[in-house]
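# Structural characterization, general
Single-letter residue listing:
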Amino acid sequence: MEDVGSANMMMPDISPLAGEPIERADAERLAGVLKAFADPARLRLLSLIQSSPDGEASVSDLTEPLGLSQPTVSHHLRILTEAGLLERDKRGVWAYYRLVPSAIAGIAELLTPPRKRATKKAR
């Protein structure tokens, strides 16, 4: 079983591309989040959820498009949720998942060199 950390995993405030050394704890948190991203099924899950009509989906909405079993999809959703990339909303017997836009934007920001960030913000 894969372990990417706990539900309190947060993105570090500093970019490894900012020119300053990243602290060990920040590197470990960032590695955990990137590890959650580093799986084709999880990338597809993020894409499927983001592109769904309401921007959210349940496990039953995701099993067929992925071609994976319900327990496998649930496992991947748990990892993405624990990494802080998805939010889970329980409604009766169903749980619905949606992206956490700030987490996705945070990863993009971390991986964008400072010069490119300045150009993007100036547009």
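Scope of this entry: the structure provided in the associated data block.

### Let's talk about the overall build of the protein
Counting its regular elements, the protein contains six helices and three strands. Reading the protein from its N terminus to its C terminus gives the helix and strand order α-α-β-α-α-β-β-α-α. Counting over 123 residues, the protein shows a buried share of 36%. Counted over contacts in the protein with a minimum sequence separation of 6, partners at least 24 positions apart contribute 54%. When the accessible area of the protein is evaluated, it comes to approximately 7,600 Å², of which 55% is carbon and sulfur surface.

### Digging into the pairing of strand 3 (residues 94-99)
Two faces make up the sheet, and in a regular strand the side chains alternate between them. Burial of strand 3 is one-sided: the residues Ala-95, Tyr-97 and Leu-99 facing one way are buried, the residues Trp-94, Tyr-96 and Arg-98 facing the other way are not. In this sheet, strand 3 lies alongside strand 2 (residues 86-91) in antiparallel orientation, the contact comprising six bridges. Bridging from a neighbouring strand, Glu-87 pairs with Arg-98 of strand 3. The hairpin formed by strand 2 and strand 3 contains two residues between the paired strands, and Gly-92 there has a positive phi angle of roughly 65°.

### Some points on the sheet that holds strand 1 (residues 56-58)
Working definition: the strands of a sheet are paired by backbone hydrogen bonds and lie parallel or antiparallel to each other. On the basis of which strands lie adjacent, the open sheet formed by three strands has the order 1-3-2 and antiparallel pairing. One side of each edge strand has no neighbouring strand; the edge strands of this open sheet are strand 1 and strand 2. The average undirected angle you get between the axes of adjacent strands in this sheet is 30°. Where strand 1 meets strand 3, three bridges bridge the pair, whose relative direction is antiparallel. Across the sheet, the residue bridging to Ala-57 is Tyr-97, located in strand 3. Against the sheet, helix 2 (residues 40-51) contacts strand 1, strand 2 and strand 3, and its axis sits at roughly 95° relative to strand 3.

### What about the side chain of Glu-56?
Here Glu-56 is to be found in strand 1. If we ignore the near neighbours within four places in the chain, the residues touching Glu-56 are Ile-49, Arg-91, Tyr-96, Tyr-97 and Arg-98.

### Comments concerning the nonpolar core
Ranked by internal contacts, the top residues of the largest apolar core, which has 23 residues, are Ile-49, Leu-77, Leu-85 and Leu-86. Broken down by secondary-structure element, the contributors of at least two residues to this core are helix 1 (24-37), helix 2, helix 3 (59-66), helix 4 (70-82), strand 3 and helix 5 (101-111). Sort the elements by how many residues they give to this core and helix 4 lands first, with four residues. Leave out the neighbours within four places in its chain, and Leu-77 touches Leu-45, Ile-49, Val-59, Leu-62, Leu-86 and Tyr-97.

### Observations regarding the environment of Ser-58
With respect to the secondary-structure elements, Ser-58 resides in strand 1. On the accessibility criterion, Ser-58 (2% relative accessible area) is buried. As for Ser-58 and Tyr-97, which are separated by 39 residues in sequence, their C-alpha atoms are 6.2 Å apart. Within the structure, Ser-58 has its side chain in polar contact with the side chain of Ser-60 (distance 2.9 Å).

### Topic: the pattern of salt bridges
Under the counting rule described, the total for this entry stands at seven salt bridges. Salt-bridge contacts for Glu-28 lead to Arg-24; the nearest nitrogen and oxygen are separated by 3.7 Å. With Glu-28 and Arg-24 both in helix 1 and four residues apart, the pair spans about one turn of that helix. Take Glu-28 and Arg-24: they sit in the same class, and that class is exposed. Among the salt bridges present, the one from Glu-82 reaches Arg-78, with a minimum N-O distance of 3.1 Å. Placement of both Glu-82 and Arg-78 in helix 4 is noted, with a separation of four residues, approximately one turn of the helix. Beyond isolated ion pairs, a larger network of salt bridges with shared partners links Glu-56, Glu-87, Asp-89, Arg-91 and Arg-98.

Definitions and limits used
- Residues numbered from 1 in each chain as written.
- Predicted model: local features only at pLDDT ≥ 70, side-chain atom pairs only at ≥ 80, totals over all residues.
- Heavy atoms only, no water.
- Helix = DSSP H or I, 4+ residues; strand = E, 2+ residues; numbered from the N terminus.
- Buried < 20%, exposed > 50% of the residue type's maximum accessible area, 1.4 Å probe, protein only.
- Contact = heavy atoms within 4.5 Å.
- Areas by Shrake-Rupley, 256 points an atom, 1.4 Å probe, with all protein chains shown as cover.
- Pairing = 2+ DSSP bridges.
- Axes fitted to C-alpha atoms, helices over the stretch in contact; angles between N-to-C directions.
- Core = buried A, V, L, I, M, F, W, Y, C linked by side-chain atoms within 4.5 Å.
- Polar contact = N/O pair within 3.5 Å; in protein donor to acceptor, adjacent residues only side chain to side chain.
- Salt bridge = Lys/Arg side-chain N within 4 Å of Asp/Glu carboxyl O.

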